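# Structural description and commentary
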Amino acid sequence: MRKIKFLTIAVVLAFLLSSCAMVKTPLVGMIYTDVKSPVAATSNTNSSKVGTSSATSVLGLFASGDASIDAAMKNSGITKIHHVDEHATSFLGIFSTYQVFVYGE
Amino acid sequence: MVNNKKNGEMCVSTSLYCIVLTTLFFLIISINSFSQNISKHYTSLRQSKGVLYYILPQNGFKNKDTKNEFIYDITYLTENDSLILNFSYFDKLIREIDSIAIIGGDRKYISLTNKIFIDIKRSKWHYRYSSNFLFNDIKTLFTQINSPTIILYSKQGLIELKIKFKTWRKQSAITNKILTLIVYNK
C-alpha cells in the first residue's frame, strides 16, 4: 500500500516537473518562464507599426495558433521589417504561450 | 527498524517537497493575478523619432445577441497626437465596416476605418481594420469607471459591442496605467 502511495506521488511529481509543454526560449524555467528574446534585426530604420502573432500549448498535448512573422506582419499591415522579438511564457509546463513581435513600417 | 526509519525520512522529504512546490505554485499564481504587472501588457521601442509603444491585444467586447467578438490593440508613437487602434471583428455575415465609434460617458469618439485584411477563421469572417484616435481622447476614455460601448458602422447596419463591467474595470486599470506611464515619459 505504501509502495503504491509512493509510486503515485513519484509519477505525479515526475509529470509536474517534466516540463511537458516546452516552449521555444533561450532560458527555460522548470516552474515558471517569462522570457523576451530577439529573433532578427534588419538595416531598416524607424518603425511606426507593431504586429503580434501567437500560439498556445496546453499540457504539451494540445498546441494551436499561428506564431509566424507573416501573421504578425499581416495583423498590422507591416511591409518593411525593422526587427523581430519573441516572448515565451510557461507555467509548470501546463500552459505555455509563444508570441512574436514584429516592428516595422 | 532501519528500513522503517529510512521510509519515514523519505515520506517526510516527499511531503516537504510537495509543500514547497504547492507554496511556489500559489505564490506565482498570486503574483500574477493580484499584482498589476503592466510590463507584460505592453512593449516600448526607443527610436530617433520618439518612443513607439504597443499595448497588446485585449478582448472582452462582444455583441449581446450574436456573441461576435471584438479584439483591439493600440500603437502609439510619442511624436504624434493620435494613436492607431487596430481591431479584429468576427462575424458570420459579410460586412463592409466604414467607421468606428466609442461611446464613453457622455462623449462619443468617431474614426474612419482602413481595411487591413478580411480572412476566414473557422465558420466566421475575420475583419481586420485600423482606426485613428486622439491620444488624449483615449486617455480620457480609459479613466472612466463605466464600461463604454463600441459601435461599428457598416453598409449592412450598425454593430453594437459591449463589455462586462468587471472585465472593463480590470482592462481600463491596466491600460490607464500604461497611458499614464507614456505621458510621464514624454
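Just above sits the structure.
Residues numbered from 1 in each chain as written. Chains lettered and ligands numbered in written order. Predicted model: local features only at pLDDT ≥ 70, side-chain atom pairs only at ≥ 80, totals over all residues. Heavy atoms only, no water.

The next point concerns the overall build of chain B. Across its full length, chain B carries 3 helices and 9 strands. Overall, chain B shows an N-to-C arrangement of helices and strands of α-β-β-β-β-β-β-β-α-β-β-α. Within chain B, buried positions represent 41% of all 186 residues. In chain B, of all internal contacts separated by at least 6 residues, the share reaching a separation of at least 24 is 57%. Total accessible area on chain B is roughly 10,900 Å²; 56% of this is exposed by carbon and sulfur atoms. (Helix = DSSP H or I, 4+ residues; strand = E, 2+ residues; numbered from the N terminus. Buried < 20%, exposed > 50% of the residue type's maximum accessible area, 1.4 Å probe, protein only. Contact = heavy atoms within 4.5 Å. Areas by Shrake-Rupley, 256 points an atom, 1.4 Å probe, with all protein chains shown as cover.)

Once that is clear, we can look at helix α3 (residues 165-185) of chain B. What sets the pattern is the α-helix's 3.6 residues per turn: residues three or four places apart point alike. Residue and element names in this part refer to chain B. End to end, α3 covers 30 Å across 21 residues, agreeing with the expected 30 Å (1.5 Å per residue, within 8%). Those residues of α3 lying buried are Trp168, Gln171, Ser172, Ile174, Thr175, Ile178, Leu179 and Ile182. Against β1 (42-47), β2 (50-62), β3 (69-77) and α2 (135-141) lie the buried residues of α3. (Expected span 1.5 Å × (residues − 1).)

Residue and element names in this part refer to chain A. Overall, antiparallel pairing links the 5 strands, which are arranged β1-β4-β5-β2-β3 in an open sheet. Across the chains shown, the open sheet's two edge strands, defined by having one partner strand only, are β1 (32-41) and β3 (62-65). Taken pair by pair, the neighbouring strands of this sheet meet at an average axis angle of 15°, ignoring direction. One ladder, built from 10 bridges, connects strand β2 (residues 49-58) with strand β5 (residues 95-104); its direction is antiparallel. Bridge pairing in β5 links Val50 to Tyr103. The strands that helix α2 (residues 69-76) touches are β2, β4 (81-91) and β5; relative to β2, the one it contacts most, it runs at about 130°. (Pairing = 2+ DSSP bridges. Axes fitted to C-alpha atoms, helices over the stretch in contact; angles between N-to-C directions.)

This part covers the side chain of A:Ser47. Along the chain, the position of A:Ser47 falls in the loop between β1 and β2. When sequence neighbours within four positions are dropped, the list of residues in contact with A:Ser47 reads A:His82, A:Tyr103, A:Gly104, A:Glu105, B:Leu45, B:Gln47, B:Leu52 and B:Leu77.

Time to look at the side chain of B:Arg128. In this fold, B:Arg128 is placed in strand β7 (residues 124-134). Leaving out residues up to four positions away in the same chain, B:Arg128 has contacts with A:Asn75, B:Asp73, B:Asn86, B:Phe87, B:Ser88, B:Asn114, B:Lys115, B:Ile116 and B:Phe117.

Moving on, we get to the nonpolar core. Core analysis: the largest hydrophobic core is formed by 35 residues, its most contacted members being B:Phe70, B:Phe87 and B:Leu152. Broken down by element, the residue count for this core peaks at 5 residues, all from α3(B). Excluding anything up to four places from it in sequence, B:Phe87 contacts B:Phe70, B:Ile71, B:Tyr72, B:Ile97, B:Ile100, B:Thr113, B:Tyr127, B:Arg128, B:Tyr129, B:Ser131 and B:Leu152. Counting 12 residues, the second largest nonpolar core, distinct from the first, contains A:Val23, A:Ala67, A:Ile78 and A:Ala88. (Core = buried A, V, L, I, M, F, W, Y, C linked by side-chain atoms within 4.5 Å.)

Our next topic: the layout of surface pockets. Residues and elements named next belong to chain B. One number sums up the size of the second largest pocket: a volume of about 230 Å³. Lining the second largest pocket are Asn59, Gly60, Phe61, Lys62, Asn63, Lys64, Lys67, Glu69, Lys162, Ile163, Lys164 and Thr167. At 4 residues, the largest contribution of residues to the lining of the second largest pocket is made by β2. Broken down by class, the residue content of the lining of the second largest pocket amounts to 2 nonpolar, 4 polar and 6 charged. (1 Å grid on protein atoms, 1.4 Å probe; cavity = no way out; pocket = protein on both sides within 12 Å on 5 of 7 lines; lining within 4 Å. Points joined across faces, edges and corners; volume = space filled by probe spheres on them. Nonpolar A, V, L, I, M, F, W, Y, C, P; charged D, E, K, R; others polar.)

Turning our attention to the environment of A:Ser57. Secondary-structure assignment places A:Ser57 in strand β2. Once the C-alpha coordinates of A:Ser57 and A:Val84 are considered, the two residues, 27 residues apart in sequence, prove to be 22 Å apart.

This part takes up a positive patch on the surface. Together, B:Lys62, B:Lys64, B:Lys67, B:Lys162 and B:Lys164 line one region of the surface with positive charge. One can find B:Lys162 in strand β9 (residues 157-162). (Patch = residues over 30% accessible without salt bridge, like charges linked within 9 Å, V, L, I, M, F, W, Y side chains within 5 Å. Salt bridge = Lys/Arg side-chain N within 4 Å of Asp/Glu carboxyl O. Lys, Arg positive; Asp, Glu negative; His and termini not counted. Charge placed at Lys NZ, Arg CZ, Asp CG, Glu CD.)

Right, let's talk about the environment of B:Leu77 for a bit. Relative to the assigned elements, B:Leu77 resides in strand β3. Here B:Leu77 falls in the buried class, since its relative accessible area comes to 10%. Taking the C-alpha atoms as reference, B:Leu77 lies 6.5 Å from B:Gly50; in sequence the two are 27 residues apart. Excluding residues that lie within four positions of it along the chain, B:Leu77 makes contacts with A:Ser47, B:Gln47, B:Lys49, B:Gly50, B:Val51 and B:Leu52.

This part is about the pattern of salt bridges. Residue and element names in this part refer to chain B. Scanning the model with the defined rule gives 6 salt bridges over all chains in all. With its nearest N and O atoms 3.4 Å apart, the salt bridge here joins Lys155 to Glu96. Taken together, the positions of Lys155 in the loop between β8 (149-154) and β9 and Glu96 in the loop between β4 (82-91) and β5 (97-104) put the pair 59 residues apart, joining distant regions of the chain. Where Arg107 meets Asp137, a salt bridge forms, and the shortest distance between an N and an O atom there is 4.0 Å. Taken together, the positions of Arg107 in strand β6 (residues 107-121) and Asp137 in helix α2 put the pair 30 residues apart, joining distant regions of the chain. The exposure class assigned to Arg107 is partly exposed, which follows from its relative accessible area of 41%. Judged by its relative accessible area of 18%, Asp137 falls in the buried class.

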